[in-house]
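Working through the structure, step by step
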Amino acid sequence: MSRTNTPDFALSSLPAYGDVQAAAGRISRYCTETPLLESPFLNQKYGGRLLVKAENLQVTGSFKLRGAANRVGALTDDERRRGIVARSSGNHGLAVAYCAGLMGTSAVVVVPDTAPAAKTERIAAYGARVVTVPMKDLAAVAADITTREGRVLVPPADDFWVVSGAGTVALEMVAQAARLNARIDVLLTCCSGGGLTAGCLLGLGETSPATEVYAVEAVGFEKMANSLAAGRCIDLAPGSHSICDAISGLYMARLPFEIIRRRLAGTFAVTDDEAKAAMRVAISEFGLAIEPGAAVALAAVLSRKIPLHGRTFAVTLSGRNADLDLTAAALRQV
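Here we summarise the structure given alongside this text. Model, not experiment: these values are computed from the prediction. Residue indices begin from 1 for each chain and proceed along its sequence in written order. In view of the model being predicted, local features appear only for residues whose pLDDT reaches at least 70, and side-chain atom pairs are presented and counted only at 80 or more, with totals across whole chains, interfaces and linings using the full set of residues. Hydrogen atoms and water are omitted, and side-chain values are computed over all heavy atoms in the structure.

Brief notes about the packing of helix α9 (residues 168–179) against helix α10 (residues 195–204)
Fitting a line to C-alpha atoms yields each axis, with helices limited to the stretch in contact; the angle taken between N-to-C directions then spans 0 to 180 degrees. Under the scheme used here, helices are H or I runs from DSSP no shorter than 4 residues and strands are E runs no shorter than 2 residues, and both carry numbers assigned from the N terminus. For the pair α9 and α10, the least separation of the axes is 7 Å and the interaxial angle reads 50 degrees. The orientation of α9 relative to α10 falls into the category oblique. Between α9 and α10 the crossing geometry is right-handed. Between α9 and α10, the contacting residues are V169, A170, L171, M173 and V174 on the first element and L196, C200, G203 and L204 on the second. Looking at the contact of α9 with α10, its residues break down into eight nonpolar, one polar and no charged. Throughout this description, any angle smaller than 35 degrees is read as roughly parallel, any larger than 145 degrees as roughly antiparallel, any in the 65 to 115 degree range as roughly perpendicular, and the remainder as oblique. Here a crossing is called left-handed whenever its near helix is offset anticlockwise from the far helix by less than a right angle, and right-handed whenever the offset is clockwise. Note on contacts: a residue pair qualifies if any of its non-hydrogen atoms lie within 4.5 Å across the two residues. Each residue is assigned to one of three groups, with Ala, Val, Leu, Ile, Met, Phe, Trp, Tyr, Cys and Pro labelled nonpolar, Asp, Glu, Lys and Arg labelled charged, and all others, Gly among them, labelled polar.

Side note on the sheet that holds strand β4 (residues 84–87)
Neighbouring strands of a sheet are bound in pairs by backbone hydrogen bonds; such pairs are parallel or else antiparallel. Strands pair, by our definition, only if DSSP identifies at least two bridges between them. Spatially, β6-β5-β4-β7 is the arrangement adopted by the four strands of the open sheet, whose pairing is parallel. What marks the edges here is a single partner per strand, and that holds for β6 (129–133) and β7 (152–153). In the sheet, β4 pairs with strand β5 (residues 107–112) via four bridges, with the strands oriented parallel. Considered in β5, the bridge of A86 is made with V109. Sheet strands in contact with helix α7 (residues 138–149) are β4, β5, β6 and β7, and its direction is about 160 degrees off that of β5.

Overview of the pairing of strand β12 (residues 312–317)
Only protein chains enter the accessibility calculation, which uses a 1.4 Å probe. A residue is then buried if its area is under 20% of the maximum for its type, exposed if over 50%, and partly exposed in between. Along β12, six of the six residues are buried, which leaves the element largely enclosed by surrounding structure. Alternating residues of β12 divide into T312, A314 and T316 and F313, V315 and L317, and every residue in both groups is buried. Across six bridges, the pairing between strand β3 (residues 49–54) and β12 is parallel. Pairing of L50 across the sheet is with F313, part of β12.

Brief notes about the sheet that holds strand β11 (residues 266–270)
One open sheet holds the six strands; their spatial order is β2-β3-β12-β8-β9-β11, and the pairing between them is mixed. At either end of the open sheet lies a strand with only one pairing partner, and these are β2 (36–38) and β11. The mean angle between the axes of side-by-side strands here comes to 25 degrees, regardless of whether they run parallel or antiparallel. Strand contacts of α9: β2, β3, β8 (186–190) and β12, with the helix running at about 135 degrees to β3, the strand carrying the most contacts. Strands in contact with helix α11 (residues 223–230) are β9 (212–218) and β11; relative to β9, the strand with the most contacts, it is inclined by about 120 degrees.

Structural data, given as structure tokens:
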């Protein structure tokens, strides 16, 4: 492990439920209310109710649009003139580039050299300047560009507005579950830096406080599990590999961790093969194409890491922006 750090956020500086509500209003013109879907076959097979939140159907292909729209929408006129910087393996960069074009600012997106071409090409197509660097240099290069060009850094998770925007996923799920005559007992989120997990904990805080929330990571990239065990944020050293590129970042976000550390029920880790199996189930049962990193929450249920046993589970399918050859190989595998 390369670095450790300790959260230094005052509780008063963290977003709260009201900030998630405010985000829902701010982003409504840019984001889609994605469906919450159910499969009678899977319910019968696993002995409970399984609800999947199809964030892969979001406008830019992932839940990341919610946080990006909230952050870019909150820029001052001066910040909008200066422009923004993001570091991202793809989905956050896509969302930031798209929002920058819609909201009248410029964007630079620093991507790792391992990012799928399908993502980086689309980031450029949205009008952002793409800078490709080794994964280990991602944060340093983004910080350097921010300073040299006087831009505003928009982190993928470690940001008040980004976390608040991500929390709107949970607001929608609770309302949608109620329309299905369901109450969510357990929510599993796909997790990298922790923005979605933290946001959902906030969004559930007043709408469904009894819901247990678990974070699901890729094997070899268990930043959240390691950080919770240590009681402080722990980043990872380069070297591990996973097809789940969307959740294979090295950095544990401090602001989300400060929210999560007090409330998370636990974590799970999913192998590449388990993620591929979940991708196949997503398309066979729901007609949904998802990327490997977006499949891990579903994979945790399908691989029985946590049993349904008569309860209602919700899982996030967090994105779809996968390399087509990788997706085709995953779907062919038996």
